Amino acid sequence: MNSIKVKIINDSGYDLPAYETPSSAGMDIHARLDAPLELRPLQRALIPTGIRLQLPRGYECQIRPRSGLALKHGISIVNTPGTVDADFRGEIGVVLINLSDTAFTVNPGERIAQMVIKEYVHVEWEPVKRLDETVRGEGGFGHTGVD
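What comes next concerns the included structure.

The rules we used
Residues numbered from 1 in each chain as written. Predicted model: local features only at pLDDT ≥ 70, side-chain atom pairs only at ≥ 80, totals over all residues. Heavy atoms only, no water. Helix = DSSP H or I, 4+ residues; strand = E, 2+ residues; numbered from the N terminus. Rg over C-alpha atoms; globule rule 2.2 N^0.38 Å. Buried < 20%, exposed > 50% of the residue type's maximum accessible area, 1.4 Å probe, protein only. Contact = heavy atoms within 4.5 Å. Areas by Shrake-Rupley, 256 points an atom, 1.4 Å probe, with all protein chains shown as cover. Salt bridge = Lys/Arg side-chain N within 4 Å of Asp/Glu carboxyl O. Polar contact = N/O pair within 3.5 Å; in protein donor to acceptor, adjacent residues only side chain to side chain. Pairing = 2+ DSSP bridges. Axes fitted to C-alpha atoms, helices over the stretch in contact; angles between N-to-C directions.

## Digging into the overall build of the protein
Part 1 of the argument: Secondary structure summary: the protein contains one helix and 11 strands in total.
Part 2 of the argument: Along the chain direction, N to C, the helices and strands of the protein fall in the order β-β-β-β-β-β-α-β-β-β-β-β.
Part 3 of the argument: What you see for the protein is a C-alpha radius of gyration of 19 Å, clearly larger than the 15 Å of a compact globule of 147 residues, by over 25%.
Part 4 of the argument: Reported as C-alpha extents along the three principal axes, the dimensions of the protein are approximately 55 × 40 × 30 Å.
Part 5 of the argument: Counting the 147 residues in the protein, one finds 31% classified as buried.
Part 6 of the argument: Across the protein, every contact between residues at least 6 apart in sequence was considered, and the portion connecting residues at least 24 apart equals 70%.
Part 7 of the argument: When the accessible surface of the protein is split by element, carbon and sulfur atoms take 51% of a total near 10800 Å².

The following block contains the structure:
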């Protein structure tokens, strides 16, 4: 498995994001709150993390929901995955949403999301008049199965 060095400023008051197991893709990040914050049903809020990154060019940081919060409490991220670009230097914020029918309290230091660092490529567009044919063709939105 490859690794890269990433510069990080951690003003969260909590440990640096870390992999929990050797094969983990994501690292949990914590809410940097001064007091608990209640999210009512269907309410969303920008939660600060106290984390700032300097990613190498060609990499992004994806912010993804935590499966436990989603399953147990209906908490997700509005713009999932959120993208932190390599040239962004501000504090990472997470836009949480409560998709349940009951209020949920986000506590200071709570693990609210996971971050995954991904390499990406830039596209060079090649305008054409026709695309190569495939067996699938234009089939989409459930065309391969019975609903």
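## A closer look at unusual backbone geometry
Most peptide bonds adopt trans geometry, and most residues besides glycine take a negative phi value.
Part 1 of the argument: Looking along the chain, the bond that leaves Thr80 and enters Pro81 is cis, with omega of -10°.
Part 2 of the argument: Positionally, Pro81 belongs in the loop between strand 7 (75-77) and strand 8 (82-84).

## Details of the pattern of salt bridges
Part 1 of the argument: Counting across every chain of the model gives three salt bridges.
Part 2 of the argument: Notably, a salt bridge pairs Arg111 with Asp28, separated by 2.8 Å at the nearest N-O pair. In this pair, Arg111 sits in strand 11 (residues 111-119) while Asp28 sits in strand 2 (residues 27-30), placing the two residues 83 residues apart along the sequence.
Part 3 of the argument: Under the relative-accessibility criterion, Arg111 is labelled partly exposed at 37%.
Part 4 of the argument: It is possible to trace a salt-bridge network through shared partners that takes in Asp28, Arg66 and Arg111.

## A few points about the environment of Glu91
Part 1 of the argument: Note on placement: Glu91 falls in the loop between strand 8 and strand 9 (93-98).
Part 2 of the argument: Look at Glu91 and you get partly exposed, because its relative accessible area is 26%.
Part 3 of the argument: A sequence separation of 29 residues divides Glu91 from Gln62, and the C-alpha atoms of the two residues are 14 Å apart.
Part 4 of the argument: Every residue in contact with Glu91, bar those within four places of it in the chain, is listed here: Arg32, Pro48, Thr49, Gly50, Ile51 and Arg52.
Part 5 of the argument: Side-chain polar atoms of Glu91 contact the backbone nitrogen of Gly50, separated by 2.5 Å.

## Digging into the side chain of Asn98
Part 1 of the argument: Examined against the element boundaries, Asn98 turns out to sit in strand 9.
Part 2 of the argument: With a relative accessible area of 0%, Asn98 lands in the buried category.
Part 3 of the argument: With residues near it in sequence (within four places) discarded, Asn98 still touches Leu39, Arg40, Pro41, Leu42, Gln43, His73, Gly74, Ile75, Ala103 and Phe104.

## Brief notes about the sheet that holds strand 6 (residues 59-64)
Part 1 of the argument: Ordered in space as 2-11-6-8, the four strands form an open sheet in which the pairing is antiparallel. Strand pairing shows two members of the sheet lacking a second neighbour, strand 2 and strand 8, which therefore form its edges. The sheet shows a mean angle of 35° between the axes of neighbouring strands, taken without regard to direction.
Part 2 of the argument: The sheet contact formed by strand 6 and strand 11 spans six bridges and is antiparallel. Residue pairing across strands places Arg64 opposite Gln114, the latter belonging to strand 11.

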